[in-house]
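# Working through the structure, step by step
Residue strings, one per chain:
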2 protein chains.
Amino acid sequence: MSLIVMKFGGTSVATPQHMQRVADRLIARHEAGDEVVCVVSAMGKVTDELVELAHQISEHPAEREMDMLLTTGEQVSIALLAMAVQARGADAVSFTGPQVGIMTSANFSKAQILAIDAGCVRDALDEGKIVIVAGFQGRTPDGQITTLGRGGSDTTAVALAAGLGADICEINSDVAGVFTADPRIVPSARLIERIGYDEMLEMASSGAGVLSMRSVEAARNHQVVIHCRSSFDDGPGTIVKEQDPSMEQAIVSGVTFDTSEVKFTIRAVPDQAGVAARVFSRLADHDINLDMIIQNVSEDGATDISFTAPAVELDAATAAVREAVAEIGAREWIVDEKIAKISIVGAGMKTHPRVSARMFSALASAGINIDLISTSPIRLSCVVAQEEFEEAVRVLHTEFGLDGPATDEGE
Amino acid sequence: MSLIVMKFGGTSVATPQHMQRVADRLIARHEAGDEVVCVVSAMGKVTDELVELAHQISEHPAEREMDMLLTTGEQVSIALLAMAVQARGADAVSFTGPQVGIMTSANFSKAQILAIDAGCVRDALDEGKIVIVAGFQGRTPDGQITTLGRGGSDTTAVALAAGLGADICEINSDVAGVFTADPRIVPSARLIERIGYDEMLEMASSGAGVLSMRSVEAARNHQVVIHCRSSFDDGPGTIVKEQDPSMEQAIVSGVTFDTSEVKFTIRAVPDQAGVAARVFSRLADHDINLDMIIQNVSEDGATDISFTAPAVELDAATAAVREAVAEIGAREWIVDEKIAKISIVGAGMKTHPRVSARMFSALASAGINIDLISTSPIRLSCVVAQEEFEEAVRVLHTEFGLDGPATDEGE
C-alpha cells in the first residue's frame, strides 16, 4: 500500500463532467489499494472570473480580501469532487487549506507555508476515505485566510506529500510532462522521463511552466518524488527526484524561454560603493522580484546597471527606478518590454566548460544578438529580442542534440 | 455611539452595483458615529446556482459537502463588500462564520448556534473598522464547516447582536417591514410599526416570510431589538421588541398564510396508548418538522390522525408514514398536497375569547370550508383548500379591521 498525493489543476476539473473523470481516477487508485489524497484547484476560469468581479468593485482591492474571495474557488472544487466520489459509492471527505492546518505567513496573495499539521488527513485516511484538499490556500496562526500565489496548488500538494510522508506526489495537468523544449515551439521536442531537482528547478525558474519553482524547491527540501503527468491520458510523464550520481548526466537537458519579463537599464550610475545596493533596496521596497542583474564594467567612474523584472510589475518597478535614479544621480534610465530570456539547463554543464561558447556561437551563426547573459552552475541564460526567441530556442535545441522525431504535441 | 448590526440579504447584494449601495449605507452609518457590523448573504441566485451545480454531480449530495459548497457564496459576498467599503476610503474587514467563532452543532445544513466568541469582531470595531461577517455559516468545535439552514443569515445577525450587546439589529431586505397581510394578496395591508416577539414569532411560524422564526426566537431569548426595513429606501420599517404591557394590544395584528405544506391523514388508527407516539417517532426518525397535529375523537376504538409537514419533505414523510401504518396496523393513509394554512395572530387574542368564533363564521360566510384547526394563545390557524387561500386571507383581514388605504406594495 502506497500513500499518493494526486494534484489536479483547474482545466482538469473545469466542468462537472471533468470532475467525474477525476473522481474515476481517484477511485481507481484507491481500489488498487493505495491511500489517496487529492489536491485540487479552482474550476477552469473561476479564479479569473472572481478577479474580474473584484475589479468591478475596486481598482486596487486589498490582498487580504482578494484571498478571502479567491479561496472560495478551490472550496467549490473540493466539495463537488467529494460529491462526485461519493456518488460513485466510495467514501470521501473534503478539507479546506485552513482545515488541514496549512499554516502560512501573513503575506496575503503570496503566503509561505510555515508548517502543516495534517492530522485530520491522516485520520480520514485511516478511516479508508479518499481525502480531497483545497490547493493554493492556508491560514495564518491567528486564523486569517491566505493564498500561496502562483503555482500554489502544486506547492500544497508537495507540502502535504512531505507532511504525510507520501510515496509520490503526482501533478496532473494538461501537459504530458517535462519536455526538452516547449513542443508548441519545437515540434521535435522530447519528453524527459527523469530529471533531478536542481535541473528541474532551473527549468522552472527559466520558463518551463509545468511545475512551479516553489513546488520543486519544496520537493527537493523534503525529498518528495514528483510525477508530472497528463490528466487526460496514461502517458509515462516525467519523474522528478534526486539525481542518481552514478547516472551519466546530459550536458543540456532542455531549452526554455520566458517572455514575461521586461528589462531596465540605468545609465551612467556613479561607480561608488553602495550605489547598486541603494538601487536594489528601492526595488525591494516595492516588493519586486528581480531576475537577471548585470552591472557593466566601469568607464570614467560611471557604470550601467541592467536588470529584468516581471512585466506585471512594470508600474511598481518604474516607480522604484525613478526614485533610485533621483537618489543616486544617474544620467538616465530606459525600459525594454520586447525581450525574451532563453536558457539552456543541464546538470552535465558543470563538467563541460565549453557549453557557453557553443551556445553563444550557435546563436551568433543564426544572426541572433545577445543582450544580457547570466549563469548558474547548471544553467546559461541570454536575453534576446522577443521577435527572435522562437528561432533561438530551435537553434539551441538542435545545437545540443535534443531533437527527436517530431511529435504531435505541437498541434 | 451605538453598536448596530445590519443584515443584508441576497437581493440587496445581487450585483457589484448593489454592493456599492450597501457599502454607502454602511459608511453613512459609520460616519454618523455608530459602530457597524454587517452580516451579508450570498449574492442573488448564487446559492441556487451552487445547488444546481451539486445536482449535476450527485443526486443526493452529502450535507457536509453541501455546506462546504454553499458557504463559499457568503464568503464571496463579504470579500467583495469589504472591497467596496475600502474603495470608498473607509476601513473594513471581512470574516467568515468560522472565523468569528460562530460555534454550531454538527447538524450539517441546519446547524444550531451553540456559542459565539465575537472577540475578533470587537477588536476590529475597536480599531474603527466596519466589520463584515458571512451569514448562514459557522463551524463545529472540531472545525467542520456548517450552515444554519433557511433564514440562517438573520440568525447570524441576531446572534452576533446578542453576543456583542448591540443596540439594534437591522434586517434589511426587499420588503419594507412586517405587514398586516402580504400586500401582494391584500392591497390594503398596512405596515406594522411595532410588534412584540411573541406575535412576530407566530407571524413568522405561520407564513410571514420577512423574518425567520429562529431569528425571532433568538432575538426574544436575548432581548435583541430587531428593525426590519427595506434595503432600497428609508421607510420606517417595523420594530420587533418586547411588548410594552401598558400598551393596548390589537386583537389581531396580522393575517398570514402558508402554502408550502402538505397534509397527511392516517385513517382508523387503533386507539391505544402509545400509538400516536409511535407514528410521530417514525417521523422524527426521518427528521421531519411537523406543524399541525390533530387527532380526531375516537370512534369504535379507532381514531384518525392528521398532520401537516413541509412539502419539500414529502418523500421522507411518505416513507415514515408507510412504516408507521404497517407497524400500528392502521387502515389507510392519504396525503393532500393542495392545502393552505391561514392564520390570524394577535397578542390581544388572549383576552378576547370570541376571536375563534368570529374567524370561523367569517370564513363560513365566504363559503370557505375549514379542514384542520390549531391554536396557540395568540394565534388561530385553519387549513383550507389551496385554491381558496387568497379569498380567506382577504376575508379575515377585513373581518378584523386591518384594511387600510390600498398601497403600491402589491405592484
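Above: the structure in question.
Everything in this summary refers to the structure shown in the same document. Predicted model, so just to flag it, every value in this text is computed and none were measured.

### Here's the deal with the pairing of strand β16 (residues 261–270) of chain A
Residue and element names in this part refer to chain A.
- Among the 10 residues in β16, 8 count as buried, and that is most of the element.
- For β16 and strand β19 (residues 332–336), the ladder comprises 5 bridges, and the chain directions are antiparallel. Considered in β19, the bridge of Ile 266 is made with Trp 333.

### Section: the interface of chain A and chain B
- Each side of the interface is counted separately: chain A has 38 residues, and chain B has 38 residues.
- Buried area between chain A and chain B, both sides added, is near 2,900 Å², and the carbon and sulfur share of it is 66%.
- Mapped by element, the contributors of at least two residues to the side of chain A that touches chain B are α1 (16–31), α2 (46–57), α3 (63–87) and β3 (92–95) of chain A.
- Tallying contributions element by element places α3 of chain A first for the side of chain A that touches chain B, with 17 residues.
- Of the residues that constitute the side of chain A that touches chain B, the class distribution is 24 nonpolar, 12 polar and 2 charged.

### Quick notes on helix α5 (residues 152–164) of chain A
Residues and elements named next belong to chain A.
- For α5, spanning 13 residues, the distance from its first C-alpha to its last is 18 Å, which sits close to the expected 18 Å at 1.5 Å a residue.
- Counting buried residues along α5, 11 of its 13 residues qualify, which places the element largely inside the surrounding structure.
- Every buried residue of α5 is listed here: Gly 152, Ser 153, Asp 154, Thr 155, Thr 156, Ala 157, Val 158, Ala 159, Leu 160, Ala 161 and Leu 164.
- Of the residues trailing α5, Gly 165 is marked for its positive phi of about 65°.

### Some remarks on the pairing of strand β21 (residues 373–376) of chain A
Residue and element names in this part refer to chain A.
- Here β21 shows a clear split, with Ser 374 and Ser 376 buried on one side and none of Ile 373 and Thr 375 buried on the other.
- Relative to strand β22 (residues 379–385), β21 runs antiparallel, the two sharing 4 bridges. Looking at the pairing, Ser 374 lines up with Ser 381 of β22.
- In sequence, β21 turns back onto β22 through a hairpin of 2 residues.

Analysis parameters
Residues numbered from 1 in each chain as written. Chains lettered and ligands numbered in written order. Predicted model: local features only at pLDDT ≥ 70, side-chain atom pairs only at ≥ 80, totals over all residues. Heavy atoms only, no water. Buried < 20%, exposed > 50% of the residue type's maximum accessible area, 1.4 Å probe, protein only. Helix = DSSP H or I, 4+ residues; strand = E, 2+ residues; numbered from the N terminus. Pairing = 2+ DSSP bridges. Contact = heavy atoms within 4.5 Å. Buried area = accessible area lost by both parts, 1.4 Å probe. Nonpolar A, V, L, I, M, F, W, Y, C, P; charged D, E, K, R; others polar. Expected span 1.5 Å × (residues − 1).

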